[in-house]
Each structure stands twice: as C-alpha cells, then as structure tokens.
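Below are the chains, spelled out letter by letter.
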Amino acid sequence: VYVAWHGKAPGAPAGEVGRQVWVAVSHDDGRTFAPEHPAWSESTGACGCCGMAMAAEQNGTVRVLYRSATENVHRDIYVLTSLDLGRSFDGQKLHTWDINACPMSSMAFGESPAGTVGVWETGQQVYFKHLTKVNSAPVPAPGEGKGRKHPRIAIAPNEEMLMIWTDGTGWQRGGSLAWQLFGANDEAIGEPGMSPGIPTWSFGAVIAKPTGFLILY
C-alpha cells in the first residue's frame, strides 16, 4: 500500500517552493507503514492547491503525477516513477507552464494491458500522455473550452479511451461536464460532449465497462 502527499520538511523554504512529494509504504496490506520519505531530491516545489495522483500498476511500477511550483512561477507537470516498490523514484517533466498562480486543478491515471496514461491541465486545456510508450507526446482535447480542469480518463478493452473534464469551474464556481472519445490511435472520435451541472468544488469520474463507459458526477 502506498500513500503520497506534498508537504514540507522542518526548515524548508517558505511557501510552495519548499513543498515536496512524500511517500509512505506498507508491505503488510496497510497494517503498518515505514516512515515517510521524500520521493525525489529535486527542489521543484509543489503547487499547494492542485491535487496530485498516484497509481500502482499491475507489474509493480508506482507513479506519481504532481504540479511543481519552482520559483513560484514554473507550474509544470512532473511524473515520478518507482521500479523498486516505492523505495526510490526518478522524475521527469511532462509539460511546462509558467504562471504566478495556483491553477487549482487535479490530475489522474488510467491503466490498461497496453500501458498507463496520465491526464492533467496546462493553460486551461486538458491533455493525456502514454507514460509507458517511448517518445509519446501530450495529446490535447479538441476544441476550446472555458477553463478546462480536473481531467479523468478510462481505457476500454479495445483500447478506446474516454477523457472527461470540467469546463468553466473555478474558485467558488461550478460549471459543466465535458468528454471526448479517442480511438486506439489517439485520434478523437466525433465531437466533444458537454452537460451542465457540476457543482462548486466538484468534478466527475469515468469507468470503462466491458462495452462502453460509465460517467459519474
């Protein structure tokens, strides 16, 4: 069992630049945990209001997605990967965004037998990327929205993917649910869909079924 969060060690620099990702690992089904430790030694900071994500894959690989806060303006997306059951992590920057503010968004993973996909927001647009494919590039949702945030993704047995996100949400403001279906070649299938009704501070979830998808919000 793996638990991760971002926080500060005693004596760390003030503000978000002093935050880092921490991990605690249990090897007995969660009955006991080893002391927490920093996942990565690089001083990237961590965006205080953005929700990070963690996933343990079927092959034992552990991944963490989070947004940095380097110098308070580099709000980039990083993935941390552990191949030794959470004992150590290597980091990689996935996407760059310079903004002197917290985007207040979140990120997520999707997994299939073909590999793991990560989703996140950069610049009011949502993206997905195949984390287990070499040289894959971030793929944006088609079209333009009104501040796209909180993406989630599910992968069907035929490798089609449904990505959902919120449109127009913000501080003390609800918005709409939006979605887009992608084929196994990452090409968008049809046009994005949208439905009103996302309350303040909320977002959706998506599940792949044996045939089709289920969206909860």
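Model, not experiment: these values are computed from the prediction.

Conventions used here
Residues numbered from 1 in each chain as written. Predicted model: local features only at pLDDT ≥ 70, side-chain atom pairs only at ≥ 80, totals over all residues. Heavy atoms only, no water. Helix = DSSP H or I, 4+ residues; strand = E, 2+ residues; numbered from the N terminus. Rg over C-alpha atoms; globule rule 2.2 N^0.38 Å. Buried < 20%, exposed > 50% of the residue type's maximum accessible area, 1.4 Å probe, protein only. Contact = heavy atoms within 4.5 Å. Core = buried A, V, L, I, M, F, W, Y, C linked by side-chain atoms within 4.5 Å. Pairing = 2+ DSSP bridges. Axes fitted to C-alpha atoms, helices over the stretch in contact; angles between N-to-C directions. Polar contact = N/O pair within 3.5 Å; in protein donor to acceptor, adjacent residues only side chain to side chain.

J.: Before we move on, could you go through the overall build of the protein and cite the residues and values that matter?
T.: When you go through the protein residue by residue, the secondary structure sums to 0 helices and 17 strands. Its C-alpha atoms give the protein a radius of gyration of 17 Å, near enough to 17 Å, the size a compact globule of 217 residues would have. Structurally, the protein occupies a C-alpha span of about 50 × 40 × 35 Å along its principal axes. Evaluated residue by residue, the protein yields a buried proportion of 47% over its 217 residues. Nonlocal contacts in the protein, meaning residues at least 24 apart in sequence, comprise 46% of its contacts between residues at least 6 apart.

J.: I'd like a description of the nonpolar core, backed by residues and values.
T.: Ranked by internal contacts, the top residues of the largest apolar core, which has 14 residues, are Phe128, Ile153, Met161 and Met163. At 3 residues, the largest contribution of residues to this core is made by strand E13 (residues 161-167). Ignoring any residue separated from it by four or fewer positions in sequence, one finds Met163 in contact with Val119, Val126, Tyr127, Phe128, Ala141, Pro151, Arg152, Ile153, Ala178, Trp179, Gln180 and Phe182.

J.: I'd like a rundown of the pairing of strand E15 (residues 188-198), residues and numbers included.
T.: Looking along a regular strand, one sees the side chains alternate between the two faces of the sheet. Where strand E14 (residues 175-182) and E15 come together, 7 bridges link them in antiparallel fashion. Across the sheet, the residue bridging to Phe182 is Ala188, located in E15. Where E14 hands over to E15, the hairpin turn is made up of 5 residues, of which Asp186 adopts a positive phi near 70°.

J.: Kindly report on the sheet that holds strand E7 (residues 90-95), identifying the contributing residues and their values.
T.: Spatially, 4 strands are ordered E4-E5-E6-E7 in an open sheet, and the strand pairing comes out antiparallel. Either end of the sheet is taken by a strand with one partner, and the two such strands are strand E4 (53-56) and E7. Going across the sheet, the axis of each strand differs from the next one's by a mean of 20°, ignoring polarity. Inspection of the sheet shows strand E6 (residues 77-82) paired to E7 by 5 bridges, in the antiparallel sense. Residue pairing for E7: Thr81 is matched across the bridge by Asp90.

J.: Summarise the environment of His150; cite the residues concerned and give the values.
T.: Its place among the elements puts His150 in strand E12 (residues 148-155). Spatially, the C-alpha atoms of His150 and Gly204 are 8.0 Å apart, while their sequence positions differ by 54 residues. Aside from chain neighbours lying at most four places away, what touches His150 is Met104, Ser105, Ser106, Ile164, Trp165, Thr166, Thr169, Ser202 and Phe203. Of note is the side chain of His150, whose polar atom sits 2.7 Å from the side chain of Ser106.

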